[in-house]
Amino acid sequence: MSNDYQRQVIDFYALRHDYDNDFTQARALKLVNYLYLQKSQSVLDVATGTGFIAVAIAPKVKSVIGVDFTPEMIARAEKKLEALNIENIDLINADIAAIDFAESSFDLITCSLAIALFPDIPQVLAKWYQWLKKGGSVAFSCNNLESHFLPLISGVCRETYGFELPNLHTPIATPEKCHQLLENPGFTNISVNVEQLGRYLPLETAKNFWYGQYFHPQDNPFDRLSAAEIATLVNNYRREIEKNATDQGVWQDATTFFVTASKS
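The structure presented is a predicted model; accordingly, all values stated were derived computationally and were not measured. Within each chain, residues carry numbers counting from 1 in the order of the written sequence. In keeping with the predicted nature of the model, local features appear solely for residues at pLDDT of at least 70, side-chain atom pairs appear and are counted solely at 80 or more, and the whole-chain, interface and lining totals rest on all residues. For side-chain calculations, the full set of non-hydrogen atoms in the structure is used, while hydrogens and water are omitted.

Colleague: Give a detailed account of the overall build of the chain, specifying residues and quantitative values.
Modeller: Secondary structure elements follow DSSP: runs of H or I no shorter than four residues count as helices, runs of E no shorter than two count as strands, and numbering proceeds from the N terminus. A tally of regular secondary structure across the chain gives nine helices and nine strands. Between the two quantities, the radius of gyration covers C-alpha atoms and the globule rule is 2.2 Å times the number of residues to the power 0.38. The globule rule puts the C-alpha radius of gyration for 264 residues at 18 Å, and the 19 Å found for the chain is close to it. Principal axes of the C-alpha set define a box for the chain whose edges measure 55 × 40 × 35 Å. Residue pairs at least 24 apart in sequence account for 79% of intrachain contacts in the chain once pairs closer than 6 positions are excluded. Computed with the Shrake-Rupley method and a 1.4 Å probe, the accessible areas treat only the protein chains shown as cover for residues. Element-wise, carbon and sulfur atoms account for 49% of the exposed surface of the chain, whose accessible area totals about 12,700 Å². Asp and Glu count as negative and Lys and Arg as positive, but His and the ends of the chain are not part of the count. Where a charge lies is defined by one atom per residue type, namely NZ (Lys), CZ (Arg), CG (Asp) and CD (Glu). Charge separation in the chain, taken as the distance between the mean sites of 22 positive and 31 negative side-chain charges, equals 3 Å. Only heavy atoms enter the contact rule, under which two residues are in contact if any of them lie within 4.5 Å.

Colleague: Residues and numbers for the pairing of strand β9 (residues 255–262), please.
Modeller: Most of β9 sits out of view: eight of its eight residues are buried. Here β9 shows a buried face lined by T255, F257, V259 and A261 and a second buried face lined by T256, F258, T260 and S262. DSSP-based pairing: two strands are paired if at least 2 bridges between them are found. Judged from the seven bridges that link them, strand β6 (residues 188–196) and β9 form a sheet pairing that is antiparallel. If you follow V194 over to β9, its bridge partner there is F257. Accessibility here uses a 1.4 Å probe with only protein chains present; expressed as a share of the type maximum, an area under 20% marks a residue as buried, one over 50% as exposed, and anything in between as partly exposed.

Colleague: An account of the sheet that holds strand β5 (residues 132–143) is requested, with residue identities and associated values reported.
Modeller: Where strands meet in a sheet, backbone hydrogen bonds hold them as pairs that are either parallel or antiparallel. Reading across the sheet, the seven strands line up as β3-β2-β1-β4-β5-β9-β6 and stay open at both edges, with mixed pairing between neighbours. Looking at the sheet topology across the chains shown, the edges are occupied by β3 (89–93) and β6. Ignoring strand direction, the axes of neighbouring strands in this sheet form an average angle of 15°. Pairing of strand β2 (residues 63–68) with β3 involves five bridges; the strand directions are parallel. Angles here are taken between N-to-C directions and fall from 0 to 180 degrees, while the axes themselves are lines fitted to C-alpha atoms, restricted in helices to the stretch in contact.

Colleague: How would you sum up the packing of helix α1 (residues 3–14) against helix α4 (residues 71–84)? Please name residues and give values.
Modeller: Running from N to C, α1 and α4 cross one another at 40°; their axes reach a closest spacing of 8 Å. In terms of orientation, α1 lies oblique with respect to α4. Note on element contacts: α4 touches α1 through P71, E72, M73 and R76, opposite I10, Y13 and A14. Roughly parallel refers to an angle under 35 degrees, roughly antiparallel to one over 145, roughly perpendicular to one between 65 and 115, and oblique to any angle outside these ranges.

Colleague: Requested: an account of the environment of I92, with residues and values cited.
Modeller: Relative to the helices and strands, I92 resides in strand β3. I92 sits in the partly exposed class, given a relative accessible area of 29%. Along the chain, I92 and H169 lie 77 residues apart, while their C-alpha atoms are 26 Å from each other.

Colleague: Please give an account of the packing of helix α6 (residues 150–161) against helix α9 (residues 227–243) that cites residues and values.
Modeller: Contact geometry for α6 and α9: axes closest at 9 Å, N-to-C directions at 125°. One way to sum up the angle between α6 and α9 is to call them oblique. In terms of crossing hand, the pair formed by α6 and α9 is right-handed. Facing L152, I153, V156, C157, T160 and Y161 of α6, the residues of α9 in contact are E229, T232, L233, N236, Y237, E240 and I241. Split into classes, the residues belonging to the contact of α6 with α9 amount to eight nonpolar, three polar and two charged. Crossings are sorted by hand: turned counterclockwise from the far helix by less than a right angle, the near helix makes the crossing left-handed, and turned clockwise it makes it right-handed. As a working rule, the residues Ala, Val, Leu, Ile, Met, Phe, Trp, Tyr, Cys and Pro are called nonpolar, Asp, Glu, Lys and Arg charged, and the rest polar, with Gly in that last group.

As structure tokens, then:
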């Protein structure tokens, strides 16, 4: 990752003080439902965050390595491990792209809703393939292009300043794209399960969902906007959200793909 992009991502997650809420945890743990766990397994949890996946699977496997490049997230995960007295999880505060594990190091590699953040997803999957033992598996989750008010935010950018907002999820935004990305390095037994994790948000929650932050590894138009211009976008976003309000609240799409594959 470029230093600027990496800093933007780290700063964003460092400020997610409410990250450990019931919805975020439940969304992450959905991935566990698609894992085949055994006591003999060594697991790598990529972008472990505060350790939702790592903590959930630790009692069922031999060992877990959790990697995340946001120090604040790793610090919260460490507190969890201490409070729960979990001893078979090792946490690493680093950019996974800068780590070279030995070939055939892991039986399972997991990544909950963070694969879209990697600038070069094919390269990432190729490395994961190398790190897996024969017969090992990979499991990750990701979203489609319509999730988390992104179409509405994109429309506001287009109508206000005339630019198209690049979408982080584009490379993995369909089951077909997920299949192709995994087939290229040699994965087999590919499965993509689609679940709708959307929900109705209270109007004020929906209005405050987006504060004008955005990042993209190749092109972030927000880098060229002033603080005042971004504030205008946020205000326009909030006006559009109000138009979508119903008696139930504002529907927030969260179409999620749960993807698994094997190294034959």
